[in-house]
Amino acid sequence: FDWLVQRINKAVANDDEEQNIERRFGHKYIGVLDIFGFEIMERNSFEQLLINYTNEKLQQHFNRHTFKEETHLYTEEGIDFEPIAFIDNQPILDLIEKRPDGILLLLDDEITAPKGNDAKWLSKCEGVHAGKSEWLSLTEKHASASGRAAIPNKIHKNYEQQQQQEDFFGVTHYAGDVKYISTNFCHKNKDPLGRNLYDLMALEAPGFDIVSQNLFPPLGTIPRRQPTIAGQFRKQLTSLMKIIDAASPCYIRCIKPNSKLCSGLFETASCVEQLTYAGVFEAVKIRKSGYPFRLAHRQFAARYRILIDSKRLNSISDLAETAPERTRCTALLNLLQNQEFVDIKIGNSMVLYRAPEHRVLELLRNLALERLVPIAQRALRIGTGRVYRKVLKKVRCDLQAALDSPNIRDDAAALDTVIDSALSRIGPHQTLFPWLPPELDSVRQRRNILQERLDLDEVMRALLNDPVKSQSYDDLAHCVRRADAIAAVPGTPQQMALEQNVRDALNQVAGKKLDPIAQAAIDVLDKALMETIKEEARRARYTSDDLKRIDEYLAMSDEALTKLQLKRANELDDPDRVVNREIKLKQLMIETYASMYQIPIYAGLREKEEWAARKSRIYTSATKRQKIADSMLKHQSNAIHCALSDPKKRMDAIEGIPTTKDFDKKAVLMFKCILGFLGESKHPYPESLGSECLSIALSDESLRAEFYLQLTKQLNENPTPASIDQAWQLLAAAFATFPPPPSFENFVALFVKQHAPLDKQKLLISGLYSIVYGGERKNPVTAEELPHLIARTLNSEISARYLDVDIVSTGSSTSLHNGNNHKMPPPPPLVQH
């Protein structure tokens, strides 16, 4: 191990560097000694004794060094102090190492004695050290002699032989009592390498490796006592302590927070135990018994001079900056008349005091700072703001001058210099003033545009020189779009001429690209495609007769263009688009005449007064009758007394209209089923009630408007969110079962558009027109089918056919791409079919 350390040091050292260090610093160095600490295990043997012996040595040095520092400081400062007592572990060290009967010395003697063994050595130790407080007695005899309780003789079973018992002894270490198993102490203390074999390895002779001679340096020819492990260890430890005594040590105590090796866990008892064993509490006690707070005279005066009023501070000569520092500290403490600081000691170079005085001084200082800091902050902020304002004003002038100067604003390198100069001046102030002048953004933008022009010039030249790309509409159009983006800053005459050449080339190619697409867009009157073509033609600065026609179509109102699209869809035999455009016309009419499709003005409704009169009695007051009339189209939790619609007001061609009495009876039954499905009335099977009301309206066409009226009534001013959600689900199921009457269709569509939740609105509108154009179902609705009907409307994809978004079938738009290598497809529909 010694050889390995020397070999590594020699490998990493530089001879020149070593000589320079020795010449400059005189062999000064910083060393680190890392030691594990006291070991107290279940089985402690020879190795643990040596480790704990080392820790006892270091602990003694730690205690004495701390005490020595304190004593030396107070002596140097000329302060009277009481002697500080501390625990000295010298008796434990004497027990282990003192000649002639330390336990390690007795162990060395035992291994040289004839037939020496562990039991004889332990018996000798008992005979010599029994009665000492540091030695834990093995037998009752020695224990009674020392006045201490004996420790049980047998404590552990051997790993190999479970029945064999082992002897032990104990030592009261600084960290606590430790029990050592004496078995194999003599064997472990012997150096296993014999002297003859050692001399052989150290022999200098031909054929022997130089490494072996370095590993085994000659021991000399004079016969001497065989070295032991304990002897070598004591020698090395003594050498180490001499180095430590000659140094100026600093100690770092490491505490293991828990025994589980995990984060976030702090075991208090274990940590306190480690601090106790490491002597930290003892060191703190030594420091606290003295004066733990120390400040140099200059530091003390500078820190606490704010405790004195500024007027008095300037009028007293002992507090002046030119006065001796010790005099300033004495005068400062004398002026604090309301406080007793008799325990504060003013030494030759320091002011020393304890915790009570420190707390009072810091409290007074904090109170003074609360008064002074805001004033200082205000002055600092004012000064900083004025400096920043001056810098900012100059920077803004320089930036504006650069923008106004023709020589600078068109020179990218000059603008870079201006930007860097501005940032270097205002950058240090950005932490307090995170604001940049707008002129800086303008200069940066102009710099970016100049760089874009340079890059674009290279692209345009390469494009025009390439016979293939110079005929590419997409490449030319891309260059023109980049040029349009920087049109605000014109380039040099050469750059502008190059740009015009590209525009001319694009105009020549545009006809081949845009004319077929424009014609196709006109053929089907695809508004989205016409808008795209118009924008592309504008960027290319291209015009034609087809583009003029596109402008005329796009200038039309939505209604006029939609009617033309409907006519064209019929001509092209496009049934999906026919339905889509009819729905668009309906939506435009609903938006234009929304006031005409409010449910309260539906012509098929009963008059409110008539509806109220059917429930009220002769003696019902006019106020109550009016209240009943006002609630006709509002949510209610109980059953209605008659239908909301009047069967006599025939709005649609319906055969077999029932009598008023039968109509009201079915309407009341249908409303009760709706109440049960919405949860307004308790029923074990609400799905069966929902399917029943749908089946009633499906079987009797005259009740369909009544059904939709009842649902809109329950959705109007309904205070229960669960009931509202159920009502929308029932409406979704109705849109998968039967359509509303034609006269009531627009009323339902407007109600959904104005009142449906946003996440359901498009789905419900799509479901409405899907049932209107798809037709009603034929079979009655069962309770098992009801969830599927709801899902068909609310969980399926939105069909673009039943929305007001224009769709063009694939067959009608194939002409857009025929014979054209650079396709410009129309915008996709909302849902791909």
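Residues numbered from 1 in each chain as written. Predicted model: local features only at pLDDT ≥ 70, side-chain atom pairs only at ≥ 80, totals over all residues. Heavy atoms only, no water.

### Concerning the overall build of the protein
Inference 1: Along the protein, the regular secondary structure elements total 35 helices and six strands.
Inference 2: Counting only contacts in the protein whose residues sit at least 6 apart along the sequence, the fraction spanning at least 24 positions is 69%.
Inference 3: As displayed, the protein has an accessible area near 48200 Å², and 54% of this comes from carbon and sulfur atoms. (Helix = DSSP H or I, 4+ residues; strand = E, 2+ residues; numbered from the N terminus. Contact = heavy atoms within 4.5 Å. Areas by Shrake-Rupley, 256 points an atom, 1.4 Å probe, with all protein chains shown as cover.)

### A closer look at the pattern of salt bridges
Inference 1: Counted according to the given criterion, the structure contains 42 salt bridges.
Inference 2: In this structure, Asp-576 and Arg-801 form a salt bridge, with 3.3 Å as the shortest nitrogen-oxygen distance. Taken together, the residues Asp-576 in helix H26 (residues 575-592) and Arg-801 in the segment after helix H35 (786-794) connect sequence positions 225 residues apart.
Inference 3: For Asp-576, a relative accessible area of 36% translates into the label partly exposed.
Inference 4: Arg-801 sits in the partly exposed class, given a relative accessible area of 24%.
Inference 5: The structure contains a network of salt bridges with shared partners spanning Arg-453, Asp-484, Glu-499 and Arg-503. (Salt bridge = Lys/Arg side-chain N within 4 Å of Asp/Glu carboxyl O. Buried < 20%, exposed > 50% of the residue type's maximum accessible area, 1.4 Å probe, protein only.)

### Details of the confidence of the model for the protein
Inference 1: With 88% of its residues at a pLDDT of 70 or more, the protein shows a mean pLDDT of 84.
Inference 2: Predicted confidence for residues 139-164 stays below pLDDT 50, and this span has 46 contacts to residues more than four positions away or in other chains.
Inference 3: Every residue in residues 811-833 scores below 50 in pLDDT, and together they form 43 contacts with partners more than four places removed in sequence or on other chains. (pLDDT = per-residue confidence, 0-100.)

### Remarks on the side chain of Asn-189
Inference 1: Residue position: Asn-189 is located in helix H8 (residues 185-189).
Inference 2: The exposure class of Asn-189 is buried, given its relative accessible area of 0%.
Inference 3: If sequence neighbours within four positions are ignored, Asn-189 has contacts with Phe-46, Leu-107, Asp-108, Ile-111, Thr-228, Ile-229 and Ala-230.

### Quick look at the pairing of strand S3 (residues 176-181)
Inference 1: As judged from the six bridges shared by strand S2 (residues 168-173) and S3, these two strands associate in the antiparallel manner. The partner of Phe-168 across the bridge, within S3, is Ile-181.
Inference 2: Counted along the chain from S2 to the antiparallel partner S3, the turn is two residues long. (Pairing = 2+ DSSP bridges.)

### As for the packing of helix H29 (residues 660-678) against helix H31 (residues 704-715)
Inference 1: H31 packs onto H29 with a crossing angle of 40° between their chain directions and a minimal axis gap of 10 Å. Judged by the angle between their axes, H29 and H31 are oblique. Viewed along their axes, H29 and H31 form a crossing whose handedness is right-handed. Between H29, through Phe-663, Ala-667, Met-670, Phe-671, Ile-674, Leu-675 and Leu-678, and H31, the contact on the second element is made entirely by Glu-706, Phe-707, Gln-710, Leu-711, Lys-713 and Gln-714.
Inference 2: Broken down by class, the residue content of the contact of H29 with H31 amounts to nine nonpolar, two polar and two charged. (Axes fitted to C-alpha atoms, helices over the stretch in contact; angles between N-to-C directions. Parallel < 35°, antiparallel > 145°, perpendicular 65-115°, else oblique. Left-handed = near helix turned anticlockwise from the far one by under 90°. Nonpolar A, V, L, I, M, F, W, Y, C, P; charged D, E, K, R; others polar.)

### Observations concerning the sheet that holds strand S1 (residues 135-136)
Inference 1: Spatially, S1-S2-S3 is the arrangement adopted by the three strands of the open sheet, whose pairing is antiparallel. Among the strands making up the open sheet, the edge pair consists of S1 and S3.
Inference 2: Sheet topology places S1 next to S2; two bridges connect them, and they run antiparallel. In the sheet register, Leu-136 faces S2, and the bridge partner there is Gly-170.
Inference 3: Docked against the sheet, helix H4 (residues 90-97) engages S1 and S2, running at close to 150° with respect to S2.

### Overview of the packing of H29 against helix H32 (residues 721-735)
Inference 1: Contact geometry for H29 and H32: axes closest at 8 Å, N-to-C directions at 125°. When the interaxial angle is binned, H29 and H32 end up oblique. Mapping the contact onto sequence places Ile-674, Phe-677 and Leu-678 in H29 and Ser-723, Gln-726, Ala-727 and Leu-730 in H32.
Inference 2: A per-class count over the contact of H29 with H32 returns five nonpolar, two polar and no charged.

### A few points about the nonpolar core
Inference 1: By size, the foremost hydrophobic cluster in this structure holds 71 residues, and its most contacted members are Leu-694, Phe-707, Tyr-708 and Leu-730.
Inference 2: The greatest single-element share of this core, amounting to 10 residues, is contributed by H29.
Inference 3: For Leu-730, the residues in contact, after removing those within four places along its chain, are Ile-674, Phe-677, Leu-678, Gly-690, Cys-693, Leu-694, Phe-707 and Leu-711.
Inference 4: Listed in part, the 35 residues of the second largest apolar core include Ala-477, Ala-537, Tyr-542 and Leu-554. (Core = buried A, V, L, I, M, F, W, Y, C linked by side-chain atoms within 4.5 Å.)

### Here's the deal with the environment of Arg-43
Inference 1: Relative to the helices and strands, Arg-43 resides in the loop between helix H2 (15-25) and helix H3 (46-77).
Inference 2: In this structure Arg-43 comes out as partly exposed when scored by relative accessible area, which is 25%.
Inference 3: In the structure, Arg-43 is positioned 138 residues away from Ile-181 in sequence and 6.8 Å away in space, judged by C-alpha atoms.

### Some remarks on unusual backbone geometry
Inference 1: With omega at 5°, the peptide bond leading from Arg-99 into Pro-100 counts as cis.
Inference 2: Along the polypeptide, Pro-100 turns up in the loop between H4 and helix H5 (103-112).
Inference 3: Even without being glycine, Leu-261 reaches a positive phi, approximately 55°.
Inference 4: By the element assignment, Leu-261 lies in the loop between helix H11 (229-246) and helix H12 (268-277).

### Some points on the layout of surface pockets
Inference 1: The computed volume of the largest pocket comes to approximately 1700 Å³.
Inference 2: Forming the walls of the largest pocket are 37 residues, and the residues nearest its centre are Leu-33, Asp-34, Ile-35, Ile-252 and Arg-253.
Inference 3: Of all the secondary structure elements, the ones that give two or more residues to the lining of the largest pocket are H3, H11 and H12.
Inference 4: Among the residues making up the lining of the largest pocket, the classes are represented as 24 nonpolar, eight polar and five charged. (1 Å grid on protein atoms, 1.4 Å probe; cavity = no way out; pocket = protein on both sides within 12 Å on 5 of 7 lines; lining within 4 Å. Points joined across faces, edges and corners; volume = space filled by probe spheres on them.)

### Observations concerning the packing of aromatic side chains
Inference 1: Overall, the coordinates contain 22 aromatic pairs when judged by the stated rule.
Inference 2: Ring centres 6.3 Å apart and planes at 45° place the aromatic pair Tyr-53 and Phe-233 in the tilted group. One end of the pair, Tyr-53, is in helix H3; the other, Phe-233, is in helix H11, and 180 residues separate them in sequence.
Inference 3: A relative accessible area of 0% means that Tyr-53 is categorised as buried.
Inference 4: A cation over a ring is seen here: Arg-253 above Phe-62, with NZ or CZ 4.4 Å from the ring centre. (Phe/Tyr/Trp six-rings, centres within 6.5 Å; stacked < 30°, edge-to-face > 60°. Lys NZ or Arg CZ within 6 Å of the ring centre and 35° of its normal.)

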